[in-house]
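Below, each chain spelled out in residue letters.
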Amino acid sequence: MWTIHEESFQAQAQHHKETIFTIGNGYLSTRGAFEEGYPGDRRATFVHGVFDAAPIVFTELANAPDWLPLVVLLDGERFSMDIGQLTAYARTLDLQTGTLARRLRWVSPGGKAATISFERFTSLADPHIALIRCRITPEFEGTVEVRATLNGNTDNEGLMHWRWIGQGALPRSSEHKRGSAVFLHNRTRQSQIDLVSAMRLVGVMGRRLTEHFWDVENAPTLSMTLAARSGRQIIVDKFVSLATSRDGSDPRALALEHVNAIVDWPAALQANADAWAKEWERCDLVIEGDEEAQIVMRFNLFQLLIAAPRHDNRVNIGAKTLSGFGYRGHAFWDTEIFMLPVFILTSPAIARNLLDYRYLTLPAARAKAKASGYEGAWYAWESASTGEEVTPTWIPDFRDRKKLARVWTGDLAIHISADVAYAARQYWRVSGDNEWMRAHGAELILETAKFFASRAEWNAEAQRYDYTDVIGPDENHDHVNNNAYTNRLAQWNLQTAFQILDWLQQDAPEKAAELIQRLDLSAERLAHWREVIEKLHIHTLPGGVIEQFDGFLQLKDANLAEYEPRTRSMQEIFGIEGANQYQAIKQPDVVMMQVLLHEEYSEASRRANYDYYNPRTDHTYGSSLGPSIQAIAACRMGYAEDAYEHFIRSARADLRDVRGNAGDGIHAASAAGTWQAVILGFAGLEITDDGWRVNPRLPAHWKRVAFTFFYRGQAQKVEVTNP
Ligand code: BGC
């Protein structure tokens, strides 16, 4: 079970399917739009780190020049699935090798028929290259023409990011008799990133009649006309490369070097398949007894792996990976809390790159804290190339798109700093990478702790520390005081800072001394940290329920079951202001906190909070981040039915498009959270400072779960079965 399959062409599902059929290699990703192009398609290729300025959202990943265009003409009639007759159609994404294939039979309006197939992949072996193979078996005598273009006229839903810089064809060298290269050179308008794409068009099978280079500005095109003989297959390959000025000072030379290095399709395909085999050896997760769960897990892992930076520690993964325009390529806590556990356990090198990104963006996090009058590091709620805050301040209101709604997360979500520190600590715990902790992690954890100490407000009347005016994970409530998740994670961050400092003083006293001096960790300051830890306010009721924030339990109660069936979120039903008045939450908040700090809460406490908050959480149309967390919590308490219900809801987020917005891109946190639900929930993997163990609670119909994870640099194989 390695394939995602589509049996018919449905124009109305086009955007959803473009997301599902995204391919990529950790350097770039390309949505599954069709080679020949259709009106309204959201064709896009995103290259990691290639951001450019955009109104309202500050910056966005620029939709790169389009490498896909490949037009086929049968005796002069242009192939297009919306005219003539489509008598057969199938599309398959092979997750094992990242290859997307479409096979069809088409009869032109003039009656010319052919079987046509397109296969494409972006190589994991050489991330700069992307290839398309087109096979045509005509059922007529005449000509077949293939036109391949590099198109610089791309846009982000209307906004053009690219300027044309140059293009050209290289003279044929004896070395490249077949398919000499043409290139297109573009530059982003504001960030001034150069991107050069290059291509070759190679006739592999069929008698070539003519070949042309059309030097169309910003759309250089290579055309090849071949003789069509009924029943005789024609094969033409389009080889492409992409390189940017982020990769080196001469992207043009780099792009040409890579495109010319492609020997042929079989060799490139094999190298790519070999590279993928290594990924799957590390990451595969086998589930027996539940076909849907099995395919979803591989699909989710695939989507995460194609977005994971392998050679770059200056980029993060956006909430929609590199698979759509949603959230503009911005990264959220989705990376640290949802995606990083997957990478920490399966791909430590990728985890390290992602954590380095946060280390390298510490200057921006310090600047954000300072601008608001605080010390230490306050990470951006939405982060892009520099780590500066890029959360839009206003967005169109979902109830009336002519009105604007204020977005508060960039101003009020302080928990992000603790989320980053939490991921750093988890990485260290699992990998044992002391070198990273010494060089990068310790500073990050100390600086975020410093922020939380300076942000804490002394409440003289109550003799305690508060965090007022924040927004926690549940975004249905903003401007709240003492959000339990925020307070507890801040406290955890401060406590962890002491542990790290102790460790560093033992392990690397010089580094400890350097940090104590540079970060000004005076005895006085540390005493203040201790006081904040001790007196930070978290309100727990006698029955064990932890109040989500001050006054939450006095809000109007909401029995969400009464609103079923519904197709809108509770926030849409109540309105933004209205939702603030109800105990209806968008996603787990207290439950989230207890999942992260599981070891610190008794089962009775976890049960009390799950039982209280579960019926008040908008599982169906709230955040897609919620169900997987809820599934883990339910698993750990032995609520088997609940656990599976939440799990399957999470599993369906993208493949079944349960929220109707998968066209905007993969819900990366949900994809990763679903994986966590299997590993930490059903398989029950627990990692402590002393080692690891599993405490399985597989759903009754599952037979077996098997996976590999890395602990302290060693691959550990786990297999759990149902009796
Ligand atoms: C969720 C956040 C999440 C963001 C990006 C929001 O709808 O409430 O928790 O970080 O989406 O995925």
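Numbers given for residues are sequential positions, taken from 1 along each chain in its written order. A pLDDT threshold of at least 70 governs which residues receive local features in this predicted model, and a stricter bar of 80 or more applies before side-chain atom pairs are shown or counted, although totals over entire chains, interfaces and linings include all residues. Side-chain measures were taken over the full set of non-hydrogen atoms in the model, leaving aside hydrogen atoms and water.

## A look at the packing of aromatic side chains
Reasoning step 1: The criterion for an aromatic pair is that two Phe, Tyr or Trp rings (for Trp, the six-membered ring) have centres within 6.5 Å, with stacked assigned to planes under 30 degrees apart, edge-to-face to planes over 60 apart and tilted to the rest. Within the structure shown, the criterion is met by 39 aromatic pairs.
Reasoning step 2: Where Phe121 meets Trp265, the ring centres are 5.2 Å apart and the plane angle is 70°; that geometry is what we call edge-to-face. Here Trp265 lies in helix H3 (residues 265-283) and Phe121 lies in strand S11 (residues 113-122), a separation of 144 residues in the sequence.
Reasoning step 3: Judged by centre distance (6.3 Å) and plane angle (35°), the ring pair of Phe707 and Phe709 falls under tilted. For the pair shown, Phe707 and Phe709 are each scored as buried.
Reasoning step 4: Feature note: the residues Tyr327, Phe332, Trp333, Phe338, Trp381 and Tyr485 constitute an aromatic cluster, connected by ring pairs.
Reasoning step 5: Whether a charge sits over a ring depends on NZ of Lys or CZ of Arg being within 6 Å of the ring centre and within 35 degrees of the ring normal. Here the basic side chain of Arg298 rests over the ring of Trp2, its NZ or CZ set 3.8 Å away from the ring centre.
Reasoning step 6: Here the guanidinium or amino end of Arg616 rests over the ring plane of Tyr612, the centre of that ring lying 3.8 Å away. What counts as a helix is a DSSP run of H or I of at least four residues, what counts as a strand is a run of E of at least two, and both are numbered from the N terminus. Relative accessibility under 20% of the residue-type maximum defines a buried residue, over 50% an exposed one, and the middle range a partly exposed one, all with a 1.4 Å probe and only protein chains included.

## Focus: the domain arrangement of the protein chain
Reasoning step 1: Residue ranges for the domains trace back to a domain assignment, done automatically or taken from a database. Domain parsing of the protein chain yields domain 1 (3-254) and domain 2 (294-721).
Reasoning step 2: A separation of 38 Å is found between the C-alpha centroids of domain 1 and domain 2.
Reasoning step 3: Contact residues are listed per partner, giving 38 residues for domain 1 and 40 residues for domain 2.
Reasoning step 4: Defined in terms of a 1.4 Å probe, buried area is the accessible area two parts forfeit on being brought together, summed over both. Contact between domain 1 and domain 2 buries roughly 3,100 Å² in total, counting both sides, with carbon and sulfur atoms accounting for 65%.
Reasoning step 5: A per-residue breakdown of the area domain 1 buries against domain 2 is headed by His48, Leu95 and Arg246, which together make up 19% of the total.
Reasoning step 6: Within this document, salt bridges are pairs made up of a side-chain nitrogen of Lys or Arg and a carboxyl oxygen of Asp or Glu, the two lying within 4 Å of each other. Counting across the interface, domain 1 meets domain 2 through four salt bridges.
Reasoning step 7: One salt bridge in this structure joins Asp664 and Arg42, with 3.5 Å as the shortest N-O distance. Residue contacts are defined here by distance: any two heavy atoms, one from each residue, within 4.5 Å place the two residues in contact.

## Description of the site of the ligand
Reasoning step 1: Neighbouring residues are identified by heavy atoms, a residue being near a molecule or strand if any of them is within 4 Å of it. Near the ligand the following residues occur: Ala319, Tyr327, Phe332, Trp333, Asp334, Trp381, Glu475, Lys586, Gln587, Ser623 and Leu625.
Reasoning step 2: Within the side chain of Lys586, a nitrogen or oxygen atom sits 2.8 Å from an oxygen atom of the ligand.
Reasoning step 3: Polar contact is defined as a pair of N or O atoms within 3.5 Å, subject to the rule that within protein one atom must be able to donate a hydrogen and the other to accept it, and that residues adjacent in sequence are counted only when both atoms are side-chain atoms. The separation between an oxygen atom of the ligand and a polar side-chain atom of Gln587 is 2.7 Å.
Reasoning step 4: For the ligand, whose accessible area on its own is 310 Å², the fraction buried by protein is 90%. Working definition of accessibility: Shrake-Rupley area with a 1.4 Å probe, residue cover restricted to the visible protein chains.

## Digging into the packing of helix H6 (residues 348-360) against helix H10 (residues 434-455)
Reasoning step 1: Every axis corresponds to a line fitted to the C-alpha atoms, with the helix fit spanning only the stretch in contact, and the corresponding angles, defined between N-to-C directions, vary from 0 to 180 degrees. Two elements in contact, H6 and H10, have axes whose closest approach is 9 Å; the angle formed by their N-to-C orientations is 40°. Here H6 is positioned oblique relative to H10, judged by the angle of their axes. In terms of crossing hand, the pair formed by H6 and H10 is left-handed. Taken together, the residues of H10 that come into contact with H6 (itself represented by Arg352, Leu355, Asp356, Arg358 and Tyr359) are Glu435, Trp436, Ala439, His440, Glu443 and Leu444.
Reasoning step 2: Each residue gets one of three labels, nonpolar for Ala, Val, Leu, Ile, Met, Phe, Trp, Tyr, Cys and Pro, charged for Asp, Glu, Lys and Arg, and polar for the others, Gly among them. Here the contact of H6 with H10 is composed, by residue class, of five nonpolar, one polar and five charged. These descriptions rest on fixed angle ranges, namely under 35 degrees for roughly parallel, over 145 for roughly antiparallel, 65 to 115 for roughly perpendicular, and the rest for oblique. Whether a crossing is left-handed or right-handed is set by the direction in which the near helix is turned from the far one by less than a right angle, anticlockwise for left-handed and clockwise for right-handed.

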